[in-house]
Amino acid sequence: MRHYEIVLMIHPDQTSEQLINIIHDYKKFIMKNSGLIHRFEDWGRRQLAYSINKVRKAYYILMNIELSPNIIKKLQEKCRFDDCVIRNLILNLKSKIDVISPMLKLKDEKPALK
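The residue count restarts for each chain, going from 1 along the sequence in the order it is written. Whole-chain, interface and lining totals are the exception, using all residues; otherwise, since this is a predicted model, local features are given only for residues with pLDDT of at least 70 and side-chain atom pairs are given and counted only at 80 or more. With hydrogens and water stripped out, all remaining heavy atoms of the structure feed into the side-chain values.

So, on to the pattern of salt bridges. A pairing counts as a salt bridge when a side-chain nitrogen of Lys or Arg comes within 4 Å of a carboxyl oxygen of Asp or Glu. Using the criterion set out here, one finds 2 salt bridges in the structure. Salt-bridge contacts for K78 lead to D25; the nearest nitrogen and oxygen are separated by 2.8 Å. Remark: D25 occurs in helix α1 (residues 16-32) and K78 occurs in helix α2 (residues 69-81); sequence separation between them is 53 residues. The exposure class of K78 is partly exposed, given its relative accessible area of 24%. For every residue, the accessible area (1.4 Å probe, protein chains only) is compared with the maximum for its type, and the residue is labelled buried under 20%, exposed over 50%, or partly exposed between those bounds. Owing to a relative accessible area of 34%, D25 belongs among the partly exposed residues under this scheme. Secondary structure elements follow DSSP: runs of H or I no shorter than four residues count as helices, runs of E no shorter than two count as strands, and numbering proceeds from the N terminus.

Listed below in structure tokens is the structure:
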């Protein structure tokens, strides 16, 4: 089993129920294939750096998982053919990551009022 980091960009036209179902579907796929999810973060709806198919915003999901290499290929195919996923990025990691990401740290920090 290897460690991977996955970022999914989901189309913003999805309702909150549909988004929950999409996320649940990917988690279920990972768990069904003997995978482990070490970190899961929902970064919310964010502005894209450039438009993709005339879409300017997307829901960002980050997962750090542990999965076998042959199953990760099936997960890549699942992402590629899913119409709800605009883009995806799957990276190999040397070890698991289970600490909060800098994106959420910045989101949680509140500026001090003077």
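What follows deals with the pairing of strand β2 (residues 36-52). Think of it this way: DSSP has to see at least two bridges between two strands before they count as a pair. In this structure, β2 lies alongside strand β3 (residues 55-67), joined through 11 bridges in antiparallel fashion. What sits directly across from R39, in β3, is N64. Linking β2 back to β3 in an antiparallel pair, the connection comprises 2 residues, with N53 at a positive phi of about 50°.

In this section: the sheet that holds strand β4 (residues 85-93). Within the open sheet, the 4 strands sit side by side as β2-β3-β1-β4. Their pairing is antiparallel. Two strands lie at the open edges of the sheet, namely β2 and β4, each paired on one side alone. Mean inter-strand twist for the sheet, computed between neighbouring axes without regard to direction, equals 20°. As defined by bridge partners, strand β1 (residues 2-10) adjoins β3 across 9 bridges and the pair is classed as antiparallel. From the neighbouring strand, R2 faces β3, where its bridge partner is L67. For helices, the fitted axis covers only the stretch in contact; all axes are lines through C-alpha atoms, and the angles between them, taken along N-to-C directions, range from 0 to 180 degrees.

Its 13 residues give α2 an end-to-end C-alpha distance of 19 Å, which sits within 8% of 18 Å, the value for a rise of 1.5 Å per residue. All of the buried residues along α2 are I71, I72, L75 and C79. Buried positions in α2, seen along its axis, are confined to an arc of 100° and lie on one side of it. Pointing more than 90 degrees away from the buried face of α2 are the exposed residues N70, K73, R80 and F81. Expected span, for any helix, means 1.5 Å times one less than how many residues it has. Think of it as the arc spanned by the lines of direction from the helix axis to the C-beta atoms.

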